[in-house]
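# Notes for the structure review
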Amino acid sequence: GQQVKQSSPSLTVQEGGISILNCDYENDMFDYFAWYKKYPDNSPTLLISVRSNVDKREDGRLTVFLNKSGKHFSLHITASQPEDTAVYLCAAGERGSSGNKLIFGIGTLLSVKP
Amino acid sequence: GPKVLQIPSHQIIDMGQMVTLNCDPVSNHLYFYWYKQILGQQMEFLVNFYNGKVMEKSKLFKDQFSVERPDGSYFTLKIQPTALEDSAVYFCASSLQGKAETLYFGSGTRLTVL
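The sections below set out a description of the structure shown in this document. These numbers come from a predicted model, not from an experiment.

## Some details on the overall build of chain B
Each helix and strand counted, chain B has 0 helices and 11 strands in total. Since a compact globule built from 114 residues should have a radius of gyration of about 13 Å, the 13 Å found for chain B is in line with a globular shape. Over its C-alpha atoms, taken along the principal directions, chain B stretches across nearly 35 × 25 × 25 Å. Scored against the burial criterion, the 114 residues of chain B give a buried share of 45%.

## A closer look at the pairing of strand β4 (residues 30-38) of chain A
All names here are of chain A. Most of β4 is tucked away, with 8 of its 9 residues classed as buried. Across 8 bridges, the pairing between β4 and strand β9 (residues 86-94) is antiparallel. Across the sheet, residue alanine 34 finds its bridge partner in β9, namely alanine 91. What sits between β4 and strand β5 (residues 45-51) in their antiparallel hairpin is a turn of 6 residues, with aspartate 41 showing a positive phi close to 55 degrees.

## So, the side chain of serine 19 of chain A
All names here are of chain A. By secondary structure assignment, the location of serine 19 is in strand β3 (residues 19-25). Polar contacts involving the side chain of serine 19 include one to the side chain of serine 80, which spans 2.7 Å. Here serine 19 is in contact with Leu11, Val13, Leu75, His76, Ile77, Ser80 and Leu110, once residues within four sequence places are set aside.

## As for the packing of aromatic side chains
Going through the model one piece at a time under the given rule, you end up with 16 aromatic pairs over all chains. Judged by centre distance (4.3 Å) and plane angle (10 degrees), the ring pair of tyrosine 31 of chain B and tyrosine 50 of chain B falls under stacked. Residue tyrosine 31 of chain B is located in strand β4 (residues 31-37), and its partner tyrosine 50 of chain B is located in strand β5 (residues 44-50); the two are separated by 19 residues in the primary sequence. By relative accessible area, tyrosine 31 of chain B is classed as buried at 15%. Relative accessible area serves as the criterion here: at 27%, tyrosine 50 of chain B is assigned to the partly exposed category. Connected via pairs of aromatic rings, a cluster forms that spans Tyr25, Phe30, Phe33, Trp35 and Phe73 of chain A.

## Comments concerning the sheet that holds strand β3 (residues 19-24) of chain B
Residue and element names in this part refer to chain B. Spatial ordering of the open sheet is given by β1-β3-β8-β7, a layout of 4 strands whose pairing is antiparallel. Of all strands in the sheet, those with a lone pairing partner are β1 (5-7) and β7 (65-68), marking the two edges. Averaged over neighbouring strand pairs, the angle between their axes works out to 20 degrees when direction is ignored. Pairing of β1 with β3 involves 3 bridges; the strand directions are antiparallel. Looking across to β3, one finds that isoleucine 7 is bridged to asparagine 22.

## Quick word on the interface of chain A and chain B
Taken together, the contacts link 22 residues of chain A with 21 residues of chain B. For the pair chain A and chain B, the summed buried area comes to about 1,900 Å², and 51% of that belongs to carbon and sulfur atoms. Along the contact surface separating chain A from chain B lie 1 salt bridge. For glutamate 56 of chain B, the salt bridge is made with lysine 101 of chain A, and the minimal N-O distance between the two is 3.5 Å. Broken down by secondary-structure element, the contributors of at least two residues to the side of chain A that touches chain B are β4, β5 and β10 (102-104) of chain A. Considering every element that reaches the side of chain A that touches chain B, the biggest residue donor is β4 of chain A, with 3 residues. Residues of the side of chain A that touches chain B, tallied by class, amount to 9 nonpolar, 9 polar and 4 charged.

Criteria and thresholds
- Residues numbered from 1 in each chain as written.
- Chains lettered and ligands numbered in written order.
- Predicted model: local features only at pLDDT ≥ 70, side-chain atom pairs only at ≥ 80, totals over all residues.
- Heavy atoms only, no water.
- Helix = DSSP H or I, 4+ residues; strand = E, 2+ residues; numbered from the N terminus.
- Rg over C-alpha atoms; globule rule 2.2 N^0.38 Å.
- Buried < 20%, exposed > 50% of the residue type's maximum accessible area, 1.4 Å probe, protein only.
- Pairing = 2+ DSSP bridges.
- Polar contact = N/O pair within 3.5 Å; in protein donor to acceptor, adjacent residues only side chain to side chain.
- Contact = heavy atoms within 4.5 Å.
- Phe/Tyr/Trp six-rings, centres within 6.5 Å; stacked < 30°, edge-to-face > 60°.
- Axes fitted to C-alpha atoms, helices over the stretch in contact; angles between N-to-C directions.
- Buried area = accessible area lost by both parts, 1.4 Å probe.
- Salt bridge = Lys/Arg side-chain N within 4 Å of Asp/Glu carboxyl O.
- Nonpolar A, V, L, I, M, F, W, Y, C, P; charged D, E, K, R; others polar.

Structure follows, in C-alpha coordinates:
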(Lines give C-alpha, C1' and ligand atoms only; values in the text may rest on other atoms or scores of the structure.)
Protein backbone atom coordinates (compact mmCIF):
# COMPACT_ATOMS: atom_id res chain seq x y z
CA GLY A 1 0.00 0.00 0.00
CA GLN A 2 0.95 3.62 -0.31
CA GLN A 3 2.87 4.78 2.72
CA VAL A 4 2.48 8.42 1.74
CA LYS A 5 -0.78 9.48 0.16
CA GLN A 6 -1.94 12.65 -1.55
CA SER A 7 -5.63 12.12 -2.17
CA SER A 8 -6.22 15.27 -4.20
CA PRO A 9 -4.70 14.93 -7.66
CA SER A 10 -5.38 18.58 -8.43
CA LEU A 11 -6.31 21.89 -6.82
CA THR A 12 -7.28 25.20 -8.40
CA VAL A 13 -6.92 28.45 -6.47
CA GLN A 14 -7.51 32.06 -7.42
CA GLU A 15 -4.50 34.39 -7.42
CA GLY A 16 -4.06 35.92 -3.98
CA GLY A 17 -5.83 33.06 -2.21
CA ILE A 18 -4.49 30.38 0.12
CA SER A 19 -3.48 27.04 -1.35
CA ILE A 20 -3.73 24.10 1.04
CA LEU A 21 -2.07 20.85 0.04
CA ASN A 22 -2.53 17.74 2.12
CA CYS A 23 -0.61 14.56 2.75
CA ASP A 24 -1.36 11.48 4.87
CA TYR A 25 1.14 8.87 5.95
CA GLU A 26 1.04 5.43 7.55
CA ASN A 27 4.45 4.76 9.04
CA ASP A 28 4.92 5.78 12.70
CA MET A 29 8.68 5.67 12.16
CA PHE A 30 8.65 8.68 9.84
CA ASP A 31 10.40 11.60 11.54
CA TYR A 32 11.11 13.91 8.63
CA PHE A 33 8.48 15.51 6.41
CA ALA A 34 9.03 17.57 3.30
CA TRP A 35 7.34 19.27 0.38
CA TYR A 36 8.95 19.33 -3.06
CA LYS A 37 7.85 21.36 -6.07
CA LYS A 38 8.11 20.06 -9.61
CA TYR A 39 7.61 21.72 -12.97
CA PRO A 40 7.04 19.50 -16.06
CA ASP A 41 10.26 17.86 -17.33
CA ASN A 42 12.17 19.41 -14.50
CA SER A 43 13.68 18.22 -11.26
CA PRO A 44 11.77 18.11 -7.96
CA THR A 45 13.16 20.80 -5.66
CA LEU A 46 12.79 21.05 -1.91
CA LEU A 47 10.48 23.81 -0.70
CA ILE A 48 10.31 23.26 3.03
CA SER A 49 10.79 20.46 5.55
CA VAL A 50 10.15 19.73 9.23
CA ARG A 51 11.28 17.22 11.81
CA SER A 52 8.81 15.37 13.97
CA ASN A 53 9.68 17.41 17.06
CA VAL A 54 7.85 20.47 15.70
CA ASP A 55 4.27 20.81 14.52
CA LYS A 56 4.60 23.96 12.45
CA ARG A 57 7.24 25.72 10.40
CA GLU A 58 6.95 28.95 8.43
CA ASP A 59 9.14 30.21 5.64
CA GLY A 60 7.84 33.29 3.86
CA ARG A 61 4.54 32.43 2.18
CA LEU A 62 4.94 28.73 3.05
CA THR A 63 3.82 27.01 6.23
CA VAL A 64 4.00 23.30 7.01
CA PHE A 65 1.66 21.90 9.64
CA LEU A 66 2.37 18.47 11.11
CA ASN A 67 -0.31 16.49 12.94
CA LYS A 68 1.47 13.41 14.27
CA SER A 69 -1.51 11.84 16.00
CA GLY A 70 -3.49 12.13 12.76
CA LYS A 71 -0.51 11.10 10.60
CA HIS A 72 -1.12 14.09 8.42
CA PHE A 73 0.86 17.07 7.23
CA SER A 74 -0.05 19.96 5.02
CA LEU A 75 1.47 22.84 3.09
CA HIS A 76 -0.20 26.23 3.12
CA ILE A 77 0.79 28.80 0.51
CA THR A 78 -0.52 32.27 1.20
CA ALA A 79 -0.96 34.97 -1.46
CA SER A 80 -0.83 32.31 -4.17
CA GLN A 81 0.63 33.46 -7.48
CA PRO A 82 0.42 32.05 -11.01
CA GLU A 83 4.09 31.05 -10.79
CA ASP A 84 3.14 28.73 -7.91
CA THR A 85 1.43 26.56 -10.53
CA ALA A 86 3.28 23.22 -10.40
CA VAL A 87 3.07 19.69 -9.03
CA TYR A 88 3.65 19.52 -5.28
CA LEU A 89 5.08 16.30 -3.88
CA CYS A 90 4.98 15.45 -0.22
CA ALA A 91 7.65 13.14 1.16
CA ALA A 92 8.49 11.48 4.45
CA GLY A 93 11.71 10.01 5.81
CA GLU A 94 12.07 6.94 7.97
CA ARG A 95 13.87 6.97 11.31
CA GLY A 96 16.66 4.44 11.41
CA SER A 97 16.97 4.31 7.67
CA SER A 98 20.55 3.81 6.59
CA GLY A 99 20.34 6.74 4.25
CA ASN A 100 17.90 9.34 3.19
CA LYS A 101 15.18 7.00 1.91
CA LEU A 102 12.39 9.45 1.25
CA ILE A 103 8.96 8.06 0.40
CA PHE A 104 7.01 10.31 -1.96
CA GLY A 105 3.35 10.90 -2.60
CA ILE A 106 1.99 10.89 -6.13
CA GLY A 107 1.68 14.68 -6.20
CA THR A 108 -1.01 17.34 -6.38
CA LEU A 109 -1.17 19.65 -9.38
CA LEU A 110 -1.77 23.18 -8.12
CA SER A 111 -3.14 25.65 -10.64
CA VAL A 112 -3.26 29.30 -9.61
CA LYS A 113 -5.58 31.30 -11.85
CA PRO A 114 -4.94 35.02 -12.45
CA GLY B 1 21.52 26.30 -6.36
CA PRO B 2 23.33 22.97 -6.56
CA LYS B 3 22.62 21.02 -9.72
CA VAL B 4 22.37 17.33 -10.46
CA LEU B 5 22.71 16.58 -14.16
CA GLN B 6 21.24 13.57 -15.90
CA ILE B 7 22.25 12.72 -19.44
CA PRO B 8 20.51 11.90 -21.71
CA SER B 9 17.00 13.12 -20.94
CA HIS B 10 15.48 10.38 -23.08
CA GLN B 11 16.73 6.94 -24.00
CA ILE B 12 15.09 4.28 -26.16
CA ILE B 13 16.34 0.73 -26.07
CA ASP B 14 15.29 -2.71 -27.25
CA MET B 15 14.19 -5.23 -24.64
CA GLY B 16 17.04 -7.47 -23.55
CA GLN B 17 19.75 -4.93 -24.21
CA MET B 18 21.85 -3.26 -21.54
CA VAL B 19 21.40 0.39 -20.64
CA THR B 20 23.43 2.69 -18.40
CA LEU B 21 21.86 5.83 -17.00
CA ASN B 22 24.32 8.53 -16.03
CA CYS B 23 24.11 11.05 -13.23
CA ASP B 24 26.50 13.85 -12.40
CA PRO B 25 25.75 14.60 -8.73
CA VAL B 26 26.53 17.75 -6.76
CA SER B 27 30.31 17.82 -6.42
CA ASN B 28 30.76 17.61 -2.64
CA HIS B 29 27.83 15.31 -1.95
CA LEU B 30 28.40 11.92 -0.39
CA TYR B 31 25.07 10.10 -0.72
CA PHE B 32 23.49 9.12 -4.01
CA TYR B 33 20.06 7.81 -4.92
CA TRP B 34 17.97 6.49 -7.75
CA TYR B 35 14.20 6.77 -7.91
CA LYS B 36 11.86 5.28 -10.50
CA GLN B 37 8.59 6.84 -11.66
CA ILE B 38 6.24 4.88 -13.88
CA LEU B 39 3.78 7.07 -15.80
CA GLY B 40 0.87 8.06 -13.58
CA GLN B 41 2.45 6.69 -10.41
CA GLN B 42 4.51 8.13 -7.62
CA MET B 43 8.28 8.39 -7.61
CA GLU B 44 9.58 5.26 -5.84
CA PHE B 45 12.87 4.71 -4.06
CA LEU B 46 15.20 2.22 -5.74
CA VAL B 47 18.53 2.45 -3.99
CA ASN B 48 20.90 4.63 -2.01
CA PHE B 49 24.68 4.51 -2.21
CA TYR B 50 27.45 5.77 0.05
CA ASN B 51 31.17 5.25 0.26
CA GLY B 52 31.18 2.91 -2.70
CA LYS B 53 28.45 0.65 -1.34
CA VAL B 54 24.72 0.13 -1.63
CA MET B 55 23.26 1.07 1.75
CA GLU B 56 19.65 0.20 1.14
CA LYS B 57 17.58 -1.00 -1.78
CA SER B 58 13.90 -1.56 -2.38
CA LYS B 59 12.18 -4.59 -3.86
CA LEU B 60 12.04 -2.65 -7.14
CA PHE B 61 15.84 -2.90 -7.35
CA LYS B 62 15.92 -6.18 -9.25
CA ASP B 63 18.96 -8.42 -9.72
CA GLN B 64 19.32 -6.96 -13.21
CA PHE B 65 20.07 -3.54 -11.67
CA SER B 66 23.45 -2.36 -10.47
CA VAL B 67 24.90 0.96 -9.37
CA GLU B 68 28.40 2.32 -9.13
CA ARG B 69 30.40 5.52 -9.00
CA PRO B 70 33.86 4.64 -10.25
CA ASP B 71 36.59 7.10 -9.21
CA GLY B 72 34.17 9.80 -8.15
CA SER B 73 32.84 10.29 -11.64
CA TYR B 74 29.29 9.68 -12.79
CA PHE B 75 26.92 7.78 -10.54
CA THR B 76 25.40 5.17 -12.81
CA LEU B 77 22.44 2.84 -12.89
CA LYS B 78 22.92 -0.15 -15.16
CA ILE B 79 20.09 -2.44 -16.21
CA GLN B 80 21.14 -5.69 -17.84
CA PRO B 81 19.08 -7.08 -19.44
CA THR B 82 16.25 -4.60 -19.77
CA ALA B 83 12.58 -5.63 -19.64
CA LEU B 84 9.43 -3.86 -20.82
CA GLU B 85 8.47 -2.99 -17.24
CA ASP B 86 11.68 -1.03 -16.84
CA SER B 87 10.15 1.75 -18.96
CA ALA B 88 9.90 4.74 -16.61
CA VAL B 89 11.52 8.03 -15.70
CA TYR B 90 14.57 7.48 -13.52
CA PHE B 91 15.53 10.30 -11.19
CA CYS B 92 18.97 10.59 -9.67
CA ALA B 93 19.53 12.52 -6.46
CA SER B 94 22.38 13.37 -4.14
CA SER B 95 22.73 14.73 -0.63
CA LEU B 96 25.58 15.94 1.53
CA GLN B 97 24.57 13.85 4.52
CA GLY B 98 22.45 10.78 4.93
CA LYS B 99 19.93 11.61 7.60
CA ALA B 100 16.88 13.70 6.80
CA GLU B 101 18.83 15.99 4.56
CA THR B 102 17.79 17.81 1.44
CA LEU B 103 17.86 15.66 -1.65
CA TYR B 104 18.91 17.43 -4.85
CA PHE B 105 17.33 15.80 -7.86
CA GLY B 106 18.17 15.70 -11.52
CA SER B 107 15.42 16.25 -14.05
CA GLY B 108 15.24 12.57 -14.89
CA THR B 109 15.97 10.24 -17.78
CA ARG B 110 12.93 8.86 -19.56
CA LEU B 111 13.74 5.26 -20.48
CA THR B 112 11.59 3.52 -23.07
CA VAL B 113 12.10 -0.21 -23.53
CA LEU B 114 10.62 -1.54 -26.77
